[in-house]
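Fold and contact review
For reference, the chains in residue letters:
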Amino acid sequence: LNMASSTIVDIDLKGLLPKVASGKVRDLFAIDDNTLLFVASDRISAYDVVMQNVRSYNSRSQQLILISLKGNSRKRRTAYSNEVYTNFPNYILFTPNAYSVYWFKYLQNRIPTLKTHFIKQSLPEDVESSLGDQSLLGSLQKRSMQVRRLQIVPVESIVRGYITGSGWAEYKKSGTVNGIKLPSGLLEGQQLPKPLWTPSTKAEAGAKDENISPEKARELIGDATVAKRIEELSLEIYTTAAKRAEEVGIILADTKFEFGLTSENEVVLVDEVLTPDSSRFWPKDTWEQNIGKQQPSFDKQYLRDWLVDQGLKGKEGVVIPENIAAQTAVKYGEAYQMLTGEKLHAA
Ligand code: ATP
Ligand code: MG
């Protein structure tokens, strides 16, 4: 998690709440000792690097504009924002918040023992009444959720139902995923015999998350009961969500969860959940014909593929062309509509 220093564009709450942290995508504000406001920005990251494109709120024109921070002459900014809004009126990258809210509610109904950090999707009342600026308020309402502030377990709890990405890369080399031996002859994109818990480290700002064996993750977590609960919950949440996604024609290939602990060591699902940032969503109808190849997807893969194509994987300071940014956003919106039956509108 990055402290303010490498934040590209700050979510502007006009100083109404203290900012406690700023991640690659989200800014966190303190409501009180036990409660945070979790706000999704338009920053987009891939391969652990934030792209140098952001949408920013221009308080003078009272509009959200897409800017490129590199070579951001006024002319270029204007061209950028006009084109995006003309051609891509639904250009939205803050969708992850809407997905999280949908899934927190869904999962809480399906898994009664599950505790989550989600409280509600809204701003605190005093912030709403003091903010003044109505269009900023409208945008912030869609981007925000109130959550319980917890101690974060220093492991990213990845679950894979299908073999792809870094799991596929390891398997090609050694026949294993996170050190777990798998049957030979699997093809890229194939379904695994059963979903696997394949944790990674939660690297400090600027560093890369590293896949680790389940044993290593248990060591990092420390408490054996907590570790077991995290592994079991991760698999249960994945299975529950994958089933729901399949009903609407989406394969949940893999996903990443984070967990927090209460002072009583109770395990709580935190962060964003089952969003296109943290998951791979594939259209089910084209999956089989694409086994052994790259799968089309409703997630950030579109952007990742472009970065790899351009030789820009993992490079700092990349400005993504607006068509790539917009197509990524369109994909985010499509899967949301399939899941919820609701269309997202740009704020
Ligand atoms: P990281 O690599 O640390 O996850 P990030 O760049 O992915 O950073 P973001 O996703 O932008 O960060 O911001 C969310 C941050 O908030 C994460 O560091 C996450 O661990 C943390 N977080 C999520 N839920 C909670 C919570 N309930 N209490 C405290 N911190 C939380
Ligand atoms: Mg994160």
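Read on for an overview of the structure. Since the structure is predicted, the reported quantities are computational estimates derived from the model, not experimental observations.

Next up on the list: the overall build of the protein. Helix and strand counts for the protein come out as nine helices and 18 strands. Looking at the protein residue by residue over its 347 residues, the buried ones come to 53%. Once local pairs closer than 6 in sequence are excluded, the contacts in the protein between residues at least 24 apart make up 63%. Just so you have it, the protein exposes about 15,800 Å², and 48% of that area is on carbon and sulfur atoms.

This next bit is on the nonpolar core. Counting 52 residues, the largest nonpolar core has W103, L107, I237, F257, F259 and L269 as the members making the most contacts within it. Considering every element that reaches this core, the biggest residue donor is helix α7 (residues 224-247), with nine residues. Grouped together as the second largest cluster of nonpolar side chains are twelve residues, I11, L37, V39 and L123 included.

With that settled, the discussion passes to the site of ligand 1. The immediate surroundings of ligand 1 are formed by 17 residues, with K24, V25, R26, K202 and E258 found nearest. Separating a nitrogen atom of ligand 1 from a backbone N or O atom of R148 is a distance of 2.8 Å. A distance of 2.7 Å is found between an oxygen atom of ligand 1 and a side-chain nitrogen or oxygen belonging to E258. If ligand 1 stood free it would expose 600 Å²; the protein chains cover 92% of that surface. Residue assignment for the shell around ligand 1 shows that the elements contributing at least two residues are β2 (26-32) and β3 (35-40).

Attention now moves to α7. For α7, with 24 residues, the first-to-last C-alpha span of 35 Å sits near the 34 Å given by 1.5 Å per residue. For α7, the full list of buried residues reads V226, A227, I230, L233, S234, I237, Y238, T240, A241, A242, R244 and A245. Its side-chain oxygen placed 2.8 Å from the backbone nitrogen of T225, D223 serves as the N-cap of α7. Positive phi shows up at G249, right after α7, with a value of about 85°.

Positioned with a positive phi, Y47 is a non-glycine residue whose angle comes to about 50°. Tracing the sequence through the fold places Y47 in the loop between β4 (45-46) and β5 (49-50). Judged by relative accessible area, which is 24%, Y47 ranks as partly exposed. Positive phi, close to 50°, is recorded for N178, a residue that is not glycine. Tracing the backbone shows N178 in the loop between β12 (176-177) and β13 (180-181).

Thresholds applied
- Residues numbered from 1 in each chain as written.
- Chains lettered and ligands numbered in written order.
- Predicted model: local features only at pLDDT ≥ 70, side-chain atom pairs only at ≥ 80, totals over all residues.
- Heavy atoms only, no water.
- Helix = DSSP H or I, 4+ residues; strand = E, 2+ residues; numbered from the N terminus.
- Buried < 20%, exposed > 50% of the residue type's maximum accessible area, 1.4 Å probe, protein only.
- Contact = heavy atoms within 4.5 Å.
- Areas by Shrake-Rupley, 256 points an atom, 1.4 Å probe, with all protein chains shown as cover.
- Core = buried A, V, L, I, M, F, W, Y, C linked by side-chain atoms within 4.5 Å.
- Near = heavy atom within 4 Å.
- Polar contact = N/O pair within 3.5 Å; in protein donor to acceptor, adjacent residues only side chain to side chain.
- Expected span 1.5 Å × (residues − 1).

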